[in-house]
Amino acid sequence: MTSYTEYLTITTPARYEIRDITAEVERVRRAANLHEGFVLVSTMHITSSIFVNDHEPGLWQDIWKWLETLAPARPDYAHHNTGEDNGDAHLKSILVHHEVIVPITDGKLDLGPWQQVFYAEFDGLRRKRLIIKAMGE
Amino acid sequence: MTSYTEYLTITTPARYEIRDITAEVERVRRAANLHEGFVLVSTMHITSSIFVNDHEPGLWQDIWKWLETLAPARPDYAHHNTGEDNGDAHLKSILVHHEVIVPITDGKLDLGPWQQVFYAEFDGLRRKRLIIKAMGE
Amino acid sequence: MTSYTEYLTITTPARYEIRDITAEVERVRRAANLHEGFVLVSTMHITSSIFVNDHEPGLWQDIWKWLETLAPARPDYAHHNTGEDNGDAHLKSILVHHEVIVPITDGKLDLGPWQQVFYAEFDGLRRKRLIIKAMGE
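All values reported here derive from a predicted model rather than from experimental measurement.

### Regarding helix 3 (residues 87-96) of chain A
The buried fraction of helix 3 of chain A amounts to 10 of the 10 residues, a majority that puts the element mostly inside the structure. Burial in helix 3 of chain A covers these residues: Gly87(A), Asp88(A), Ala89(A), His90(A), Leu91(A), Lys92(A), Ser93(A), Ile94(A), Leu95(A) and Val96(A). Contacts made by the buried residues of helix 3 of chain A are with strand 4 (48-53) and helix 2 (57-70) of chain A, helix 3 (87-96) of chain B together with strand 4 (48-53), helix 2 (57-70) and helix 3 (87-96) of chain C. His97(A) occupies a position one or two residues after helix 3 of chain A and carries a positive phi of about 85°.

### Considering the relation of the copies chain C and chain B
With an RMSD of 0.0 Å, the operation that places chain C on chain B is a rotation of 120° combined with a shift of 0.0 Å along the axis. Expressed as an axis order, the relation between the two copies is that of a three-fold axis. In terms of proximity to the rotation axis, the leading residue of chain C is Met1(C), whose C-alpha is 3.2 Å off the axis.

### Details of the pattern of salt bridges
This structure, assessed with the given rule, holds 39 salt bridges over all chains. Residue Arg74(C) pairs with Asp76(C) through a salt bridge whose shortest N-O separation is 2.8 Å. The exposure class assigned to Asp76(C) is exposed, which follows from its relative accessible area of 51%. Here the residues in one salt-bridge network are Arg15(A), Asp85(A), Asp123(A) and Arg126(A), joined through shared partners.

### Let's talk about the sheet that holds strand 4 (residues 48-53) of chain B
Residues and elements named next belong to chain B. Across the sheet, which stays open at both edges, the 3 strands sit in the order 2-7-4 with antiparallel pairing between neighbours. The open sheet has two edge strands with one neighbour each: strand 2 (17-20) and strand 4. Averaged over neighbouring strand pairs, the angle between their axes works out to 25° when direction is ignored. Judged from the 6 bridges that link them, strand 4 and strand 7 (residues 116-121) form a sheet pairing that is antiparallel. Bridging across to strand 7, Asn-53 finds its partner in Gln-116.

### Quick look at the nonpolar core
Grouped together as the largest cluster of nonpolar side chains are 54 residues, with contacts concentrated most on Ile63(A), Ile63(B) and Ile63(C). Ile10(A), Val28(A), Ile50(A) and Val102(A) belong to the second-largest nonpolar core, a separate cluster that totals 21 residues.

### Focus: the interface of chain C and chain B
At the junction of the two partners, chain C supplies 28 residues and chain B supplies 33 residues. A buried area of about 2,600 Å², summed over both sides, lies between chain C and chain B, and 64% of it is on carbon and sulfur atoms. A per-residue breakdown of the area chain C buries against chain B is headed by Met1(C), Ile46(C) and Ile94(C), which together make up 25% of the total. Glu36(B) serves as the salt-bridge partner of Lys133(C), at 2.7 Å between the closest nitrogen and oxygen.

### A look at the pairing of strand 7 of chain B
Residues and elements named next belong to chain B. Within strand 7, 5 of the 6 residues are buried, which leaves the element mostly enclosed by the surrounding structure. Taken together, the 4 bridges between strand 2 and strand 7 define a ladder with antiparallel strand orientation. Within the sheet, the bridge partner assigned to Asp-20 lies in strand 7 and is Phe-118.

### Brief notes about the pairing of strand 3 (residues 37-43) of chain C
All names here are of chain C. For strand 3, a buried count of 7 out of 7 residues is recorded, marking the element as mostly surrounded by other parts of the structure. Burial of strand 3 is two-sided: the residues Gly-37, Val-39, Val-41 and Thr-43 facing one way and the residues Phe-38, Leu-40 and Ser-42 facing the other way are all buried. Sheet topology note: the strand 3/strand 5 (residues 99-105) ladder contains 6 bridges and is antiparallel. For Phe-38, the partnering residue across the bridge sits in strand 5 and is Pro-103. With 7 bridges joining them, strand 3 and strand 8 (residues 128-136) adopt antiparallel strand pairing. Bridge pairing in strand 8 links Phe-38 to Met-135.

Cut-offs used in this document
Residues numbered from 1 in each chain as written. Chains lettered and ligands numbered in written order. Predicted model: local features only at pLDDT ≥ 70, side-chain atom pairs only at ≥ 80, totals over all residues. Heavy atoms only, no water. Buried < 20%, exposed > 50% of the residue type's maximum accessible area, 1.4 Å probe, protein only. Helix = DSSP H or I, 4+ residues; strand = E, 2+ residues; numbered from the N terminus. Contact = heavy atoms within 4.5 Å. Least-squares fit on C-alpha atoms with pLDDT ≥ 70 in both. Salt bridge = Lys/Arg side-chain N within 4 Å of Asp/Glu carboxyl O. Pairing = 2+ DSSP bridges. Axes fitted to C-alpha atoms, helices over the stretch in contact; angles between N-to-C directions. Core = buried A, V, L, I, M, F, W, Y, C linked by side-chain atoms within 4.5 Å. Buried area = accessible area lost by both parts, 1.4 Å probe.

Spelled out as structure tokens, the structure:
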């Protein structure tokens with residue numbers, strides 16, 4: 001088994017942002033030069049997520065409205081007693097999940113026709129890191 | 001590392017359906033002939049999910065009612081401006097997640113006594129594909 | 001590819017509990033003696049979850065309140081017709097997800113500075129098992 005790891009640094013200019021990182025995942029696969037295997041894409045933070053879905057700005061609007069309904073920004077989280085104000089970001093991160101596995105088959109990311117990989121930031125305006133780790137042969 | 005990949009095609013006769021695909025995952029493990037490793041089971045679509053839980057029809061009813069509460073079918077999603085009508089299916093897919101990893105130990109799928117692997121369709125009546133990819137030794 | 005598997009048994013004294021299992025995951029990585037690869041941490045039950053987030057008791061309070069809002073304990077789940085009373089635990093398990101992949105880089109668990117691995121029990125007071133499986137080289 002060969003393995004190849006890169007770290008991606010993202011500082012979003014807004015507190016909340018969805019960013020398509022499929023090209024970065026493909027770049028790592030190419031650098032790893034794997035024919036069969038997978039890429040683990042995982043945020044290293046507890047206030048952001050990685051997910052796979054559609055590159056469609058209307059959908060992203062729906063996702064933001066939906067997340068705000070299910071895990072709203074509110075002042076009264078117990079987590080805020082630590083001085084933080086990002087309780088909602090932790091819950092959103094758990095809801096959307098912090099990692100995905102992208103299969104590599106025959107030297108290509110084996111995604112469906114509309115599948116793209118996204119980074120979702122729930123507490124931006126600061127430097128965050130993701131790990132993109134390709135493993136296989 | 002050895003790797004073996006199959007694609008499963010599913011066309012559900014209903015828009016919403018939960019289908020037990022554990023036997024298919026086991027079939028791929030057997031074909032891959034792996035002793036140690038894992039099987040990645042991942043939908044290639046953005047309006048369906050893969051999850052692990054219980055084979056119990058009452059529970060599936062509860063899951064449908066629950067998903068409809070948390071991510072309801074509604075006419076007013078921004079995604080529908082593209083001509084689509086499946087905004088709820090994208091949100092349900094993000095909620096339930098699109099992939100699972102099933103460990104292989106000692107030549108067997110290493111699932112707990114009640115764990116089964118399910119495909120959840122949120123926008124059926126058309127041909128969908130899953131990837132089942134076994135990796136290990 | 002080398003692989004090394006341990007099973008962890010947990011019996012929580014309360015029905016609902018969040019437990020930090022990062023030290024157990026690190027112990028398995030050390031026993032596996034891997035330099036590059038990953039650890040799959042997966043509950044073998046359908047009424048508990050594995051997730052990665054922050055070791056902060058205030059946050060755990062928020063998580064419990066939040067889960068009770070999104071997937072409440074209620075008497076009227078269809079699943080209860082089987083004699084069970086844990087319908088909420090199944091839904092909570094699907095929401096939080098049952099597994100995580102922790103990367104291993106350079107002989108260490110490659111987690112972000114605040115990332116810890118947690119077991120979330122939604123139907124405790126009985127013996128449960130997790131699989132912790134390290135794979136790599």
